[in-house]
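# Close look at the chain arrangement
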Amino acid sequence: MKTSKPRVVTTRQELAKESQRLMQEVAAAGSRPSLGLVPTMGALHQGHETLARAARADNDVVLATIFVNPLQFGDTGDLERYPRTLESDVEILAGCGVDLVFAPPLEEVYPDGLPLVRISAGALGGKFEGASRPGHFDGALTVVAKLLHYGAPAATSQGPTTYRAYFGQKDAQQLALVRRMVSDLNFDVDIVGVPIVRADDGVALSSRNRFLGPDERKAAATLSSALRTLARRAAANEPLEMDEVAELVHAHPLVDLDYLEVVNPDTLEPLGENCRYTPFTGRALALIAARVGPVRLIDNMELSGVHDGGTWEHSRATG
Ligand code: AMP
């Protein structure tokens, strides 16, 4: 494993030069290099590490980006509070064997101020997280589009090659929307989804967890515990009875539940009523979001019926 510190660049010009140099080095050794891009907002933890390690395992050259994107924050307080830990982030990325880190200042990404023209996340962008954070996904997709563009010249500099970008399944709605953007707008990049990393208490790792007090941290575990209950019922082909599970979460005094929903894993369309009371078969995704103390938490889990009757469409049709 490579552990030497990656070079950190802050301008697009340096990024283009250095990333193309790295690709050229691999090409000179005789193989056509692939490029992996890992976009992050910094404050890195083991969740981000798995993304970087997956990118390292799959690609010849790995580029990570650290940029706290103001366009996706509705609340300026949340933006100002967002942890910034560049030095330790670079250490972590070094440990994962990342080759190059792009950590631009705001003006480098938005030289003319915030952009007039943005990506629209459409109807899916207004649901779930988008319902309580208007414009969040438009902002997130706009910066992801930019970051994917920043990597593209290096990806093609040594001729056609594989260009991959890594996103966590933790942000299931973001991942679904990035996949749709890449497909709808013909971006030449493969999107790789990486499984959620959890702490021992089941809580999905998040840069915002550090703002939870000890009691809030215990309360946060209610979210993954609710998801596990649904996953257990699904695996046993039992009805999910989501309302009962939601009630248990609601009952916790420190948890303010926003939504608990079971959806098609690809489109995030809700499954409807049938899976609540009829035996669960097929495949689905359970999504949950809640405010716990000062923090909004999201989590999700795949649901899979043992006697897999086929796809979710099948389970709906038979419900
Ligand atoms: P962020 O820095 O929060 O924007 O996250 C950067 C990337 O890391 C996103 O693709 C996230 O989905 C992913 N990520 C964040 N937390 C986790 C986690 N606990 N497990 C896996 N991936 C994660």
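Anything mentioned here points back to the structure above.
Counting restarts for each chain, with residues numbered from 1 along the sequence as it is written. Where totals are concerned, whole chains, interfaces and linings use all residues; where local detail is concerned, this predicted model gives features only for residues with pLDDT of at least 70, and gives and counts side-chain atom pairs only at 80 or more. In computing side-chain properties, one takes all heavy atoms of the structure into account and sets aside hydrogens as well as water.

### Thoughts on the sheet that holds strand E8 (residues 283-292)
Stated formally: For two strands to be treated as a pair, DSSP must find no fewer than two bridges joining them. Runs of H or I in DSSP of at least four residues are treated as helices and runs of E of at least two as strands, each being numbered from the N terminus. Axes, fitted as lines to C-alpha atoms, cover a helix only where it is in contact. Angles between the N-to-C directions of the axes lie from 0 to 180 degrees. The contact criterion used throughout is that any non-hydrogen atoms of two residues lie within 4.5 Å.
As summarised here, the arrangement of the three strands in space is E7-E8-E9, forming an open sheet in which the pairing is antiparallel. Taken across any chain shown, the strands that pair with only one partner, and hence form the sheet edges, are strand E7 (255-263) and strand E9 (295-304). Geometrically, the sheet is characterised by an average inter-axis angle of 15° between neighbouring strands, direction not taken into account. The pairing of E7 with E8 spans eight bridges and is antiparallel. Bridge pairing in E8 places Val255 opposite Val292. Packed on one face of the sheet, helix H9 (residues 214-235) meets E7, E8 and E9 and runs near 15° to E9.

### Quick look at the site of the ligand
Here is the rule we go by: Any residue with a non-hydrogen atom lying within 4 Å of a molecule or strand is treated as near it. A 3.5 Å cut-off defines polar contacts: any pair of N or O atoms within that distance qualifies, except that in protein one atom must be a possible hydrogen donor and the other a possible acceptor, and neighbouring residues in sequence count only when both atoms are side-chain atoms. In short, Shrake-Rupley with a 1.4 Å probe defines the accessible areas, and a residue's cover is counted only from the protein chains shown.
As a structural note, the neighbourhood of the ligand is formed by 17 residues, with Met41, Gly168, Asp171, Val197 and Leu205 the closest of them. Measuring from a nitrogen atom of the ligand, one finds a backbone N or O atom of Val197 at 2.9 Å. Here the ligand, which alone exposes 480 Å², has 92% of that area covered by the protein. Of all elements in the fold, only strand E2 (35-40), helix H2 (46-58) and strand E5 (163-168) reach the threshold of two or more residues within the shell around the ligand. Broken down by element, the shell around the ligand gets its largest block of residues, three residues, from H2.

### Here's the deal with the sheet that holds E2
One open sheet accounts for six strands, arranged E1-E4-E3-E2-E5-E6; its pairing is parallel. Edge positions in the open sheet fall to strand E1 (7-9) and strand E6 (190-194), since each of these has one partner strand only. Adjacent strand axes in the sheet meet at a mean angle of 25° when their direction is disregarded. Bridge count between strand E3 (residues 61-66) and strand E4 (residues 100-102): three bridges; the pairing is parallel. What sits directly across from Leu63, in E4, is Leu100. Relative to the sheet, helix H1 (residues 12-28) contacts E1, E2, E3 and E4, its axis offset from that of E4 by approximately 160°. Docked against the sheet, helix H8 (residues 172-184) engages E5 and E6, running at close to 170° with respect to E6.

### Some words on unusual backbone geometry
Rules: Under the scheme applied here, a residue whose accessible area is under 20% of the maximum for its type counts as buried, over 50% as exposed, and between as partly exposed, the area being computed with a 1.4 Å probe on protein chains only.
A positive phi angle, near 50°, is found at Ala43, a position not held by glycine. Accessibility expressed as a relative area gives 1% for Ala43, which makes it buried. Residue Phe128 is not a glycine yet carries a positive backbone phi of 45°. Relative to the assigned elements, Phe128 resides in the loop between helix H5 (106-109) and helix H6 (129-132).

### A word on H8
In plain terms, the rule: Each helix should span, by expectation, one fewer than its residue count multiplied by 1.5 Å.
Relative to the 18 Å expected for 13 residues at 1.5 Å per residue, H8 spans 18 Å between its end C-alpha atoms, a close match to the ideal helical length. Structurally, H8 contributes buried residues whose contacts are with H6, helix H7 (136-157), E5, E6, E8 and E9. At the C-terminal side of H8, Asn186 shows a positive phi close to 55°.

### A few points about the pattern of salt bridges
Counted only if it meets this: Take a side-chain nitrogen of Lys or Arg and a carboxyl oxygen of Asp or Glu: if they are within 4 Å of each other, that pair is a salt bridge.
The full count for this structure, using the stated rule, is 16 salt bridges. Note that Asp99 and Arg56 form a salt bridge whose closest N and O atoms lie 2.9 Å from each other. With Asp99 in the loop between helix H4 (86-95) and E4 and Arg56 in helix H2, this pair connects stretches of sequence that are 43 residues apart. Arg56 sits in the buried class, given a relative accessible area of 18%.

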